[in-house]
Structure formats: C-alpha cells, structure tokens
Amino acid sequence: MLYYLFEYLDKTYDLPGAGLFNFITFRAILAVILSLFIASVYGKKIINYLRRKQVGESIRDLGLEGQNEKAGTPTMGGIIIILATLVPVLLFAKLENIYVILLIVTTLWMGTIGFIDDYIKKFKNDKQGLPGKFKIIGQVGLGLFVGATMYFHPDIVVQRNIVDPGTETEIIAKGPTNEFYVKDKAMLTTIPFVKENEFNYSELISWAGENYKSYVWLIFIPIVIFIITAVSNGANLTDGIDGLAAGTSAIIGVTLALFAWVSGNVILSDYLNIMYIPNTGEMTIFITAFVGALIGFLWYNAYPAQVFMGDTGSLTIGGIIAVIAIAVRKELLIPILCGVFLMENLSVVLQVGWFKYTKKKFGEGRRIFRMSPLHHHYQIKGLHESKIVTRFWIVGIFLAIITIVTLKIR
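A quick note: this is a predicted structure, and the numbers were derived from the prediction, not measured.

S.K.: I'd love a proper account of the overall build of the protein chain, names of residues and values included.
M.R.: In terms of regular secondary structure, the protein chain is built from 14 helices and 4 strands. The C-alpha atoms of the protein chain give a radius of gyration of 23 Å, which matches the 22 Å a tight globule of 410 residues would have. When the backbone C-alpha atoms are referred to their principal axes, the protein chain occupies close to 70 × 60 × 35 Å. Here the protein chain holds 410 residues, and the buried ones make up 49% of them. Of the contacts formed within the protein chain by residues at least 6 apart in sequence, a portion of 72% connects residues at least 24 apart. Summed over its atoms, the accessible surface of the protein chain is roughly 19,900 Å², and 64% of this surface lies on carbon and sulfur atoms. A gap of 10 Å separates the mean positions of the 36 positive and 30 negative side-chain charges of the protein chain.

S.K.: Describe a nonpolar patch on the surface, with residues and values.
M.R.: Residues Leu 342, Leu 346, Leu 350, Trp 354, Tyr 357 and Ile 368 make up a contiguous nonpolar surface patch of roughly 550 Å² in combined accessible area. Assignment of secondary structure puts Tyr 357 in helix H12 (residues 339-362). The class of Tyr 357 is partly exposed, set by a relative accessible area of 43%.

S.K.: Give me the packing of helix H4 (residues 98-123) against helix H5 (residues 132-152): which residues, what numbers.
M.R.: The N-to-C vectors of H4 and H5 enclose an angle of 175°; their axes lie 10 Å apart at closest approach. In terms of orientation, H4 and H5 fall into the roughly antiparallel class. Here Ile 98, Tyr 99, Leu 102, Val 105, Thr 106, Trp 109, Met 110, Ile 113 and Asp 117 of H4 come into contact with H5, specifically with Lys 135, Gly 138, Gln 139, Gly 141, Leu 142, Phe 145, Val 146, Thr 149 and Met 150. For the contact of H4 with H5, the per-class residue count stands at 11 nonpolar, 5 polar and 2 charged.

S.K.: Account for the side chain of Thr 406, with residues named and values stated.
M.R.: Its place among the elements puts Thr 406 in the segment after helix H14 (385-405). Reaching out from Thr 406, the side chain makes a polar contact with the backbone oxygen of Thr 403 at a distance of 2.4 Å. Discounting chain neighbours no more than four positions away, the residues touching Thr 406 are Pro 192, Phe 193, Phe 259 and Leu 333.

S.K.: Tell me about the pattern of salt bridges, and name the residues and values.
M.R.: As enumerated under the stated definition, the model contains 6 salt bridges in all. A salt bridge links Glu 7 to Lys 11, with the shortest nitrogen-to-oxygen separation between them at 3.6 Å. Of the two residues, Glu 7 and Lys 11 both sit in helix H1 (residues 2-13), 4 residues apart, roughly one turn of that helix. Taking the relative accessible area as the measure of exposure, Glu 7 reaches 22% and is therefore partly exposed. Close ionic contact of Asp 311 with Lys 121 constitutes a salt bridge, the shortest N to O distance being 3.9 Å. Of this pair, Asp 311 sits in helix H10 (residues 310-327) while Lys 121 sits in helix H4, and the two are 190 residues apart along the sequence. Through salt bridges with shared partners, one network takes in Asp 117, Lys 121, Lys 135 and Asp 311.

S.K.: Which residues make up the packing of aromatic side chains, and what are the values?
M.R.: By the definition in use, this model includes 14 aromatic pairs. With a centroid separation of 6.1 Å and 80° between ring planes, the pair formed by Tyr 8 and Tyr 13 is classed as edge-to-face. Considering the side-chain rings of Phe 37 and Tyr 42, the 6.0 Å spacing of their centres and the 75° angle between planes classify their relative orientation as edge-to-face. Counting every residue linked through ring pairs, the aromatic cluster contains Phe 6, Phe 21, Phe 26 and Phe 92. Across the ring face of Tyr 271, the terminal group of Lys 408 is positioned such that the distance to the ring centre comes to 4.9 Å.

S.K.: Lay out unusual backbone geometry in plain terms, naming residues and giving numbers.
M.R.: In this structure, Pro 304 follows Tyr 303 across a cis peptide bond, with omega equal to -10°. With phi around 65°, Met 76 is a residue other than glycine that occupies positive phi space. Its place among the elements puts Met 76 in the loop between helix H2 (24-52) and helix H3 (78-92). Accessibility expressed as a relative area gives 3% for Met 76, which makes it buried.

S.K.: How would you sum up H12? Please name residues and give values.
M.R.: Spanning 24 residues, H12 covers 33 Å between terminal C-alpha atoms, matching the ideal 34 Å at 1.5 Å per step. Where the residues of H12 are buried, they touch helix H6 (217-238), helix H7 (244-263), H10, helix H11 (334-337), helix H13 (374-380) and H14.

S.K.: Explain helix H9 (residues 283-301) to me, using residue names and the numbers behind them.
M.R.: Between its first and last C-alpha atoms H9 spans 26 Å; for 19 residues at 1.5 Å apiece the expected length is 27 Å, and the two agree. With 17 of 19 residues buried, H9 lies mostly within the body of the structure.

Quick notes on the rules
Every chain begins its residue count from 1, and numbering advances along the sequence as written. Where local features are concerned, this predicted model is filtered to residues with pLDDT of at least 70; where side-chain atom pairs are given and counted, the filter is 80 or more; whole-chain, interface and lining totals use all residues. With hydrogens and water set aside, each side-chain value is computed from the structure's full complement of heavy atoms. In this description a helix means any DSSP run of H or I spanning at least four residues, a strand means any run of E spanning at least two, and both kinds are numbered starting from the N terminus. Both definitions apply: the radius of gyration is a C-alpha atom measure, and the globule rule equals 2.2 Å times residues to the power 0.38. Three labels apply to residues, based on accessible area from a 1.4 Å probe with only protein chains included: buried if under 20% of the type maximum, exposed if over 50%, partly exposed otherwise in between. Should any heavy atoms of two residues lie within 4.5 Å, those residues are considered in contact. All accessibility values rest on the Shrake-Rupley procedure with a 1.4 Å probe; residue burial counts only the protein chains present in the view. Charged residues are defined narrowly, with Lys and Arg counted positive, Asp and Glu counted negative, and His plus the chain ends left uncounted. Here the site of a charge means atom NZ of a Lys, CZ of an Arg, CG of an Asp or CD of a Glu. Here a patch means residues that are over 30% exposed by relative accessible area and free of salt bridges, tied together within 9 Å if like-charged and within 5 Å if nonpolar (Val, Leu, Ile, Met, Phe, Trp, Tyr). A pairing counts as a salt bridge when a side-chain nitrogen of Lys or Arg comes within 4 Å of a carboxyl oxygen of Asp or Glu. Axes here mean lines fitted to C-alpha atoms, for a helix over just the part in contact, with angles spanning 0 to 180 degrees between N-to-C directions. Put simply, angles under 35 degrees are roughly parallel, angles over 145 are roughly antiparallel, angles from 65 to 115 are roughly perpendicular, and the rest are oblique. Classes in brief: Ala, Val, Leu, Ile, Met, Phe, Trp, Tyr, Cys and Pro nonpolar; Asp, Glu, Lys and Arg charged; the others, Gly included, polar. Polar contacts, as counted here, are pairs of nitrogen or oxygen atoms within 3.5 Å of one another; within protein the pair requires one atom able to donate a hydrogen and one able to accept it, and residues that are adjacent in sequence qualify only if both atoms are side-chain atoms. Side-chain rings of Phe, Tyr and Trp (the six-membered ring for Trp) are treated as a pair once their centres are within 6.5 Å; stacked means planes under 30 degrees apart, edge-to-face means over 60, and tilted covers the remaining angles. Definition used: whenever NZ (Lys) or CZ (Arg) falls within 6 Å of the ring centre and also within 35 degrees of the ring normal, the charge is taken to sit over that ring. A helix's residues, less one, multiplied by 1.5 Å, set its expected span.

Given below as structure tokens:
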C-alpha cells in the first residue's frame, strides 16, 4: 500500500526520494527490515499471548534427551511468521502482481490448514489433530489452484529470444539487450546442469495427437500438486527440533530470492542465459519478507526454544517454498535445494516401508534408522540437538550453493 502512495506522490508532486519505491531492491530491503522487526519485537507479545491462553506443546514420550523440558512450550508460533511476512508484502509489494497474489493465497491457505490442525490438538484435546486425509485434500486443493493459475492466467508467461526460423538460432540483438517475443505461454521448466536446459511439459504428452499442447495441463497440474504436497510435508517433518525448520527454510528462501530477482530482470537473465520470466522480480519483496520473518522467528525458536511454529508454520513455509520454485521454473532443483526436506521425507518413507516389508517377510519388523525422521536418529545416537541443527544448516548452505551455480554451470 505504501508503494502505491509513494508512486502517487512521485508522479503527482515529484516528491524527492519517492521514486526509490520503483526499485525492487529498495523495497526488498524495507521488507526484510520490517519483517525482522515484527517477528523479533512483536513476536514476544504473541508468545506471551499464546502462553496466557495455555497453547502449550504436548510432547510424546519418545525417550529423547531433554524432551520433557519442552512440554508446555507455546506452539502455533507460525502465526508470527505469517504476520511478519504478509504485513511488509501488503505495504511494499505490487498487489496486482499475479505471483504476489499466488504467494499471499498460498500463505493464507496453508496457514489455515495448519492452524486448524494445531487448534484441534490444543483445544479439542485430540493429539492426532486434523486427519491426514483432510490435510492432503487441502494441499491438493492448493495445487489445483496454483497449477490452473500458472497454466491459464494471461500474465504468467516467459519471454524468449527471437529465433531465425531458417537456422533455428537466436537473432543477434541490435540494442543493449536481446529482443524478445511478446509472450510465450509454454509450460517450461529448467533442467539443471544441462545445456539448452529448457524442458517443455507438453513433450510428456506428445503422443496425444496434433493438438497435444492443448492437454498439457493434464500433466502440469498433477506435477504441481505433487510438488506442493511433498515440500509442505517435508517442511512439516523437518520441524522436529529447535530451529531446524526455520533455519533451513531461511537458507532456501535466500536462494529462491536470488532466482526470482535474476529471472525477472531482462538484463541479468540475458547475461546468465536463463529464462526471462516477466513480473517474477516482484516476488523478491515477498521472499525477503519471508526470510526476515523466519530469521526473526528463529530468535525465539533457537535452542532452547521459547516457541514452536506448529503445523501453522511448517505447512505454510513448505507451501511457500514449493510455489516460489514452480513460479521461477526451477522445480526440478527442489531435490537439491530442499535436500534436507528430502532426506527427512525419505527417512520416514524408508523406515515405514522397510518395517512393513520385514514384518511381512520375517514376522518381525526391522528398522533402518534408530528413529525417523532423520534428525531423531542422530538424537538417539547421542548428538545434542543444537549440533544436529547446525550441521543440517551447513548441509543446507552447501546444497544452496550447488543450486546457485546451476545458473551458469551446465
């Protein structure tokens, strides 16, 4: 909203300094500062309110060291992350931007699912919370919305270099930047570490006849649903020890902010030889606010945690990360960038699958890990949770660096 105010003041009264709001980098800096302030200052007030309402975490006895001390710690702290993200976005972002709208909807959608789950656990005395099938329905619903919007909305396009149809090579630009087609609605994504790395989802359905491109949504939307469900559940599983999910997600967020910024900048995308995706640069405001909110929340969530994010936070951050990756056409990088989430997910899948298989085959269930998700395995081995978190962060930084170098190394 402040963006529109200062835009008006700049155009109408030529107010000195008002033109700064035209720059994404300036608004991104304001967004991260404000989100940090809200999360770190007003976060304490929210924590005290949750404590007064006795919204404390009920701890299952898993035999982990220091576990009992966490009982009664306020949960639903994801509210802090949501508020600290949305307030700067509403103030500094272009609210008509379709990508910003998608991310706001994602935040509220997943936040509502997580809040209902936490509410049932605390106020209905049901430790199971929202039944899993309803969580899946919610995630599938968001996937349908995001996938359909990405496919049908006229403002979601890529702009590609003009190609000489005779030689199928790019025409050399006569100006300071390459010339582009006006728009291309192709459902493209990026294959990492590969030259000519654009992949069109329509190729997966080329067997459907002459008009096969008209049916690409039958492939694209289910893929979007799968990605959103997988990443949000991965973030949910990662939220098991103090600071792990928030810190890991902040690292991922910084990387995605870089991708959004360069993909939405015609000069940088041309220099890096990556897809130019108009309007994605505006997502940088949202992502920087998101990262600031996570870091501010980490002030209270670091060991020993004064608040837990609950499903209100974990499902939300997973959904946001998934939608950003899809929007910047980097969803195939998720297994690398979100490698910590992937490890946590796989540890549970492998543990449950192996246990069921061995019980059926040998009459006795056997385990691969001492406990899943993976971070609990290291706790059982005797590592302190702060050491586990720090080492997972280091792994997350390493994976983020690998993801960033895909911009140029192919």
